Structure formats: structure tokens, C-alpha cells
Amino acid sequence: MGDVVAINLEISGMNCASCVGRVEAALGRVDGVQEARVNLASETAALQVTSGFDPKAVVAALDTAGYPATVQNRRYAIENMSCASCVGRVERALAAVPGVVDVSVNLAREEAVVHTLTADADTAIVQAAQAAGYPATPVKDASMASPPDRKIEEAAHLKRMTLLAAALTLPVFVLEMGGHMIPAFHHWVMTTVGQQLSWSIQFVLTTIVLAWPGRRFFVTGVPALLKRTPDMNSLVFLGATAAWGFSTVALFAPQVLPAGAQAVYFEAAAMIVTLILLGRTLEARAKGQTGQAIRKLIGLRPKTARVERWGQVAEIEIDEIVVGDLIHARPGEKIAVDGTVTSGTSFVDESMITGEPIPVEKEADTNVVGGTVNGTGALVYRATHVGADTTLSQIVRMVEDAQGAKLPVQDLVNRITMWFVPAVMAIAAATFLIWLAVGPQPSLGFALVASVAVLIIACPCAMGLATPTSIMVGTGRGAELGVLFRKGDALQTLAEVDTIALDKTGTLTAGRPEVTDLDVFNGWTRSDALRLVASVEAKSEHPIATAIIRHAEAEELSLAQVTSFTSQTGQGVRAEVEGHSVLVGADRFMTLEGVSLAAAEGRSAAWGANGKTPLFAAVDGELVAMIGVADPIKETTPKALKALHDAGLKIAMITGDNKATAQAIARTLGIDTVVAEVLPEGKVAALQKLQDGGHKVAFVGDGINDAPALAGVNVGIAIGTGTDVAIEAADVVLMSGDLQGVVNALHISQHTMRNIRQNLFWAFGYNVLLIPVAAGILYPLFGVLLSPVLAAAAMALSSVFVLFNALRLRWVAAAATT
């Protein structure tokens, strides 16, 4: 049966004893759960589980039962990872910890993100990582703290070790290779220093190189070999040790070697370590640059602010600000935290948050965002969000989460690297035996050179870095352009979409409709009809209601008392006003309520054809008014849609608006498909129909009623000026309020995926082409045998190439719209 392990987890949604019974029954049906005890008071469950238990099954079972488990997200800094095979080992070790639902390890960030059912999993996870040979340290939520200087320190240490190794290796290289290149120099060495002393000097210097700068390869490579889980460090250890060991035997016990095989390869062993250290140094520096976007975002936050308390203004630390504090921003200062302006006027540069270059006017009752820069005016604002709740903190967290994501394309890399290093060791062994059996004399020397070259050149570092580095730089650059990938896999999915579906109000349009026309019927006057309609709409929060109220205020009408107000989503509203039953809504609402629209039929169609939404009002079952409302199209919308069309995408509009109005807007903007007069659940069905047709669809919306559609589509894109609910349901968030952000998101996604493909092509192609070369396939034809030194240089170059190719994404410009 196996060992029984206790797991405690938190469960939400329980409110009575019957809930407890249902939760226990759901948990009891999960394979591997021996016992489940649920505590309603603490909303927790204590499980006794055995082998075969899958935490994902618990999450699925509780979701199905309607009592979702609380999954904890934890981040750990992982040491000693050097290649893609390390990633697989860390993931397997951490996934084996009871209660772990999912693990994502990022080689570029040297971090692991662990999703676990238990809140106290740190100890078990750290122990599991340590046992696997990769020490882990929990990373606390430090979204707005300065990032650790671990990469900077590591790069500095590696630089020192590289310089030391180079200083020790240079005499070895000159003594050995200088003689091969310049015969006169070889003659001088033999007559002055002598072969034995020359080799002895090389032995001493190379041994120091391996024991000091090269110690890192032994410390991690040997344990990995002993555990039968060899990694890249194991390959370097084997290659360098083989060259050093053979040379040491040739120096001190030449009689045990066949005649003609007494040669030394100290320079190869020393150069291997030196060149790989150089590659690691460049990697560390490049990895530091991949996180530059995060550091730039964190650097936006000022360290202090001028806060008014008890009538006094004093400069205090940013972390001491609390919600409700009044903060004074002088011209040119950064806004400290999110807040609402109480006095003053100014223009604020929000480009670092939204990507929009034009400063935004701020006055009383408008919102300001922490990290943005105040212009020439002075502002006083009240703090509404501080610390980890500010927009800037949330952006940093989103970017960090996306950077730690694992794309579907990475599964291929993981499957290959699982067997890659053992396969390389097998190829190296076969190479050695074949050269020893059929190679020219001294066959042992040729066998050693070829097998060591295979071990060194076949480094899986480039494969492991190919995807995560591009993700890190791509998502970081996206954040700088106002595009936040809340879920990292949206990077890949968005690049594959062929259809962009759009909500109308607030997405294509400004979201601030205006009344354009008002017709009255059955003897009603304009002012009386508008007064009743505005009185009812004053109870509604719909943008059209706000437009009608503004129109009534402009005509200086006083509103009446309203009773028994009710709203039917997507249809209309009803209320009692001064003894009358008043209905306000769409034509379908009037038809449903039995109100005849015959008097307005011709004009409503004409309005709709001109892009105006007709809204109807009825009093006591009789039509009294038809109101024409138009929501102006955003200035940037036509250019953005043209750019999407130019990119080869189809565009669909899904709206609850009148069909004629929707068709008119579609004709104006060149939209390919229109689905109109749909309720919120109808949007989901319409999107599902598009996806069922074989299309990959991205939906762009901004309202609460868009949340189900955003969650149920291939890629959900929320306009950042929309509601928190819509943003939480989306895969991608646009900080700006227009569709240029969609074009930028697609642009970043396509560039990042192209960059990943380039990296993977290089990483795989490099190994496929050069492993046979290192094994000596060219020797019978051209007499060319790859030196282990050149193999080490090529291996270091492959990783550096991948990293610097990924860094090119830092300069991806915003997509052009014409």
C-alpha cells in the first residue's frame, strides 16, 4: 500500500454541514485518498493519502463539487542548474513532494514556481530540492523590493574565476600549442626547458585550473553521475578529467601506454574549463539583462513621498504610506502610490504604465497611478492602494508570473533533454571504442580526442535557455509597451490565432455614448418623455443611462421620484414613476412586454443604418419615445483594425447592440463577421461557434459581462481601463484603452515565438551537426578532427548565441499602424 502521508488543504465555498458531507464524499472518491476529514470552522481538510495519489485529481474533484481548493503559489531560487536536463530533474524532484499540484522551473531565472495544496510545504520542497543536488531558497513576495543582486554577484565571481583560469591556462597553451604552430619555438622549448619539465609545468598549472576555477564542475557533476542523473557539468567533468588523466599517465607512467601514444592534452583540459567558464560568465551577464524590464518597473517607484498628516506635511518612506493618506506631488515628481486627486490640476506622464506617450490631464476626482510622473502642476491626492495592491506592484507580479511560465513548445525540449545527456555519454563511449578499434596510430590518442570532443560539444545549455530567455525578454518588453501577459502560455497561443473577436462598447468605441436624437409619440412632449426616462435611468449604471442623464441635465430637467426599479440584463429596465409604469430598453424588450413599435419602425431602421442605437420608452404599455444614442468610435480603432487585417486576421464583432447599428459600424470599420443582439451568455456561445469552425480566436473586451467570454476563449484580452473582473478573467491585459494594444500584443507574441523557434533551431541544429563532426565523421574524407578546445569554444558560443538572440526582443518596437 505504501507510506501514508498527511496533507492539509484549504477549501472555499463551504457554509453548512451538508457542504462538509459533499466535500468529504468528493475527496473520498479520489484515488489514493485513504481518509478525508473536513473542518467547516477552519474551512480545511485533512487527508491521509497513499501512493498513487494525484493532487490534480483533488483540485478537479473539488472544482466539480463546487468547493474549490486553495492552491498556494510559491517561488524558489534554485542553485546549481546549468542546462535543460537540470530543469527536468528539479521538476521531477519537486513534483514528487506530497501536495504539489504543478511545478514550473525556469532555467533563465534560476527559479521554480510551485503550486501546492498545502500552506506549509516550504520545508518539504527545500529538502526535496537539496536531495536532488539543487539547493532551493524560498523567495518571498518582493514585487516592489529591489531584486536580488545574485546574478550580478555570480557574474562577478565567474569573471574572477575566468580571469584566473585564463592566466593559468595561457602558459600551458603557449608551451604545448605554440610548438605545434611555430617549429622554431618548439625547438627552443625542447633545448632550454625540455619536454619533461614543460609537461610538468603544464601538469601543475592545469591541475590548479581544474581544482580551483574548475571545481564547480566537479562539485555538481560527480554527484549527478553517482546518482545516475548526469548533467552538463558531468559532461565537462568527464571530458576535462579524461584529458587530464591521460596526460598525467603519459607524464608519470608512460610505460603503461602503447608505443606512440605518449602525448599530453593538458592544454585541452585547461582550455575546456576556461572557455566554458567564459561562456558561463557571458551567460550570467546576459541572464541579468533578461530581467531588465522587471528592474525598470520596480525602479519607477519613488523611495519617499510628501504626506500630509494632522495638518503637517512631512517626507516619509514609501512603505509607511497607508490608505487614506493625503500626498502632495510637486511638479516633476513621481506619483508615489495609486490614489484619487483631491485638489490641483496637472498633466501626468503615464507612458511607463500604459505605453501611451501623451500625458493625461488630472484634476479633482480623477485617478493617478503610482510610478507615473507629474507634469508642471501641483497635485494633492488621497492614497487608495498601497504596497502590493498598487497597479505597479500588480504589473510586476503579472510579468514575473508570465516570465516563469512554461509554454507548450517547451514540452518537446523537456522530452528530448530527459535522455540527451545519457545518449551523449553513450555516443562518446562508442566513439572511443570505434577509434580505438579502427583508428590510425596512435589510436588511443585519437580515441581520447574524439570522445572528449563529443562530451564537451554536446552541451544541452542552449536547449534549456532557448525558450525561457525569450519568454522573459518578450514579456518584459510587452510590459514596457503596455501589454501584460497574465498567463505565459498566451504568448504562444496568441501567435497562433487567426480571428480577433471584439466587443463593441468600450472596445471599438469610446464607451461614452451620447444622445443624438429624441422622437416622441402619442401626444407626449419631448421634455416630459425625457424627464421620465432620465428618472428611471438614474437608477442604472449602464453607459447609455449616463448619456441620457447628461442630456436631461443639459436641458435643465428635474428628475422624478422612482420606486420598484428592476433591471433585466441585456434587455432593459422597468420602474414606477409618479404612478406610471415606465419601461426603457431595446426593441426586443418592448416586444417581450407587448408594446407596439409600429409608429417608430421606419425611423428606428434609419437610425440603425447610421450607426445609432435606438432605445425605446413606454409608459403604461404605450410607446412614448424613441431615443437615438451613438457611441463614437475611438480615433485609433480604424488604424488598429487595418493593421490586424494586414496581419492576415479575420475580425468579428460580438455585441448586445441592435443588429442594424452593429452592421452599420461593421461596414464603416470593415469588420468581417457581426454577431449582434446577444446576451452575455450569448457571447460565449458565439465565440464557441467560431472556435468550433476550426478557428483559434482571441476575444477583446472590457466589461463585467465580458468576463465569461474572456475566460472561455483561446486567448482573452482585457482592455486595462475596464473592470477588475474582466482583467482577472483575461490571459492578456492591455494597460491602454485602445486597440493599438491588441496590435502590440500580437506583434510581441509573434516576435517572441519567432525568436524561440530561432533559438530551438540553433540549439538542436548545433548538436545534430556538430556531434558527428566531434566524433570524427570528417576525418576519413578530409583528415579533420575537431579539437576538444574548439569543441569547448563552440559549446560556449551556442549558449551565448541563444541568450543574445533572445535579448534582441528588448528592442522590438511598437507595431506600426497606418
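It should be emphasised that the depicted structure is a prediction, and the values quoted were computed from it without experimental measurement.

How each quantity is defined
- Within every chain, residues take consecutive numbers counted from 1 along the sequence as written.
- Residues qualify for local features only when their pLDDT is at least 70, as the model is predicted, and side-chain atom pairs are given and counted only at 80 or more; totals for whole chains, interfaces and linings, by contrast, use all residues.
- Remark: hydrogens and water are excluded; side-chain values derive from all non-hydrogen atoms of the structure.
- In this description a helix means any DSSP run of H or I spanning at least four residues, a strand means any run of E spanning at least two, and both kinds are numbered starting from the N terminus.
- Whether two residues are in contact is decided by their heavy atoms, any of which lying within 4.5 Å being enough.
- Reported accessibility uses the Shrake-Rupley method at a 1.4 Å probe radius. Residues are deemed covered only where the shown protein chains occlude them.
- UniProt positions are given in the numbering used here, feature names are shortened, and annotations may be inferred rather than shown by experiment.
- We call two strands paired when DSSP finds no fewer than two bridges between them.
- Confidence of the predictor in every single residue is expressed as pLDDT, which spans 0 to 100.
- Residues adjacent in sequence count toward polar contacts only when both atoms are side-chain atoms; beyond that, a polar contact is any pair of N or O atoms within 3.5 Å, and within protein one must be able to donate a hydrogen and the other to accept it.
- Every helix has an expected span of 1.5 Å times one less than the residues it contains.
- For every residue, the accessible area (1.4 Å probe, protein chains only) is compared with the maximum for its type, and the residue is labelled buried under 20%, exposed over 50%, or partly exposed between those bounds.
- One side-chain nitrogen of Lys or Arg within 4 Å of one carboxyl oxygen of Asp or Glu is enough to make a salt bridge.

Assigned secondary structure in the protein consists of 30 helices and 29 strands. Taking contacts inside the protein between residues at least 6 apart in sequence as the whole, the part at least 24 apart equals 69%. A total accessible area of about 34,800 Å² is found for the protein, and carbon and sulfur atoms account for 58% of it.

Let's shift gears to the UniProt feature "transmembrane region" (unreviewed entry) in the protein. Residues annotated in UniProt with the feature "transmembrane region" (unreviewed entry) correspond here to residues 161-185, 197-214, 235-253, 259-278, 416-438, 444-467, 760-779 and 785-804. Regarding residues 235-253, the helix share stands at 95% and the strand share at 0%, and the terminal C-alpha atoms are separated by 26 Å. The straight-line gap between the two end C-alpha atoms of residues 760-779 is 28 Å; of that span, 85% is helix and 0% is strand.

Turning our attention to the sheet that holds strand S12 (residues 346-349). The sheet built from three strands is open, its strands ordered S13-S12-S15 with antiparallel pairing. Unpaired on one side and paired on the other, strand S13 (360-362) and strand S15 (373-374) mark the two borders of the sheet. Pairing of S12 with S15 involves two bridges; the strand directions are antiparallel. In the sheet register, Asp349 faces S15, and the bridge partner there is Val373.

A word on the confidence of the model for the protein. Interpreting fine coordinate detail is not advised for predicted regions of low pLDDT. With 89% of its residues at a pLDDT of 70 or more, the protein has an overall mean of 82. Within the protein, strand S10 (residues 326-329) carries the highest mean pLDDT (94), whereas helix H27 (residues 724-729) carries the lowest (63). Contacts for the low-pLDDT stretch residues 142-148, under 50 throughout, to residues beyond four places or in other chains number 15 contacts.

The next point concerns the sheet that holds S10. Spatially, the six strands line up as an open sheet ordered S9-S8-S10-S16-S11-S14, and their pairing is antiparallel. Edge positions in the open sheet fall to strand S9 (312-317) and strand S14 (367-368), since each of these has one partner strand only. As paired strands, strand S11 (residues 338-343) and strand S16 (residues 379-385) are joined by five bridges and run antiparallel to one another. Residue pairing in the sheet places Asp338 in a bridge with His385 of S16.

Take Asp519: it is sitting in strand S19 (residues 514-520). Of the polar contacts made by the side chain of Asp519, one reaches the side chain of Arg603; its length is 3.0 Å. Apart from residues no more than four positions distant in its own chain, Asp519 is found in contact with Arg603, Trp607, Val624, Ala625 and Met626.

This part takes up helix H30 (residues 788-807). In an α-helix, one turn spans 3.6 residues; hence positions three or four apart end up facing the same way. Relative to the 28 Å expected for 20 residues at 1.5 Å per residue, H30 spans 29 Å between its end C-alpha atoms, a close match to the ideal helical length. Counted residue by residue, H30 has 14 buried out of 20 residues, so it is predominantly covered.

The next point concerns the pairing of S10. Here S10 shows no split at all, with Leu326 and His328 on one side and Ile327 and Ala329 on the other all buried. Bridging between strand S8 (residues 304-309) and S10 involves three bridges; their strand directions are antiparallel. Bridged to Val307 within S10 is Ile327. Where S10 lies against S16, four bridges are found, and the strand directions are antiparallel. Each bridged residue has a counterpart across the sheet, and for Ile327 the counterpart in S16 is Tyr381.

Here we come to unusual backbone geometry. Here Gln441 and Pro442 are connected by a cis peptide whose omega angle stands at -5 degrees. You can see Pro442 is positioned in the loop between helix H14 (410-438) and helix H15 (443-457). Unusually for a residue other than glycine, Asp365 sits at a positive phi of about 75 degrees. Tracing the backbone through its elements, the reader meets Asp365 in the loop between S13 and S14. With phi around 50 degrees, Glu578 is a residue other than glycine that occupies positive phi space. Looking at where Glu578 falls in the secondary structure, it is placed in the loop between strand S21 (572-577) and strand S22 (580-585).

On to the pattern of salt bridges, then. If the charged atoms of two oppositely charged side chains come close together, the side chains can form a pair. All chains considered together, the criterion is met by 17 salt bridges. A salt bridge links Glu480 to Arg477; its shortest N-O distance comes to 2.9 Å. Of this pair, Glu480 and Arg477 both sit in helix H16 (residues 461-480), separated by three residues, roughly a single helical turn. We classify Glu480 as partly exposed; its relative accessible area is 24%.

Turning our eyes to something else, we now look at the environment of Ala128. Position of Ala128 relative to the elements: it lies in helix H4 (residues 122-131). For Ala128, a relative accessible area of 18% puts it in the buried group. For the pair Ala128 and Ala95, spaced 33 residues apart in sequence, the C-alpha to C-alpha distance is 9.3 Å. When neighbours within four sequence positions are excluded, Ala128 is seen to be in contact with Ala93, Leu94 and Val97.

You can see Gly214 is positioned in the loop between helix H7 (195-211) and helix H8 (215-226). Gly214 sits in the buried class, given a relative accessible area of 0%. Residues Gly214 and Val236 lie 22 residues apart in sequence; the distance between their C-alpha atoms is 9.4 Å. When near neighbours in sequence (up to four residues on either side) are disregarded, Gly214 contacts Val209 and Val273.

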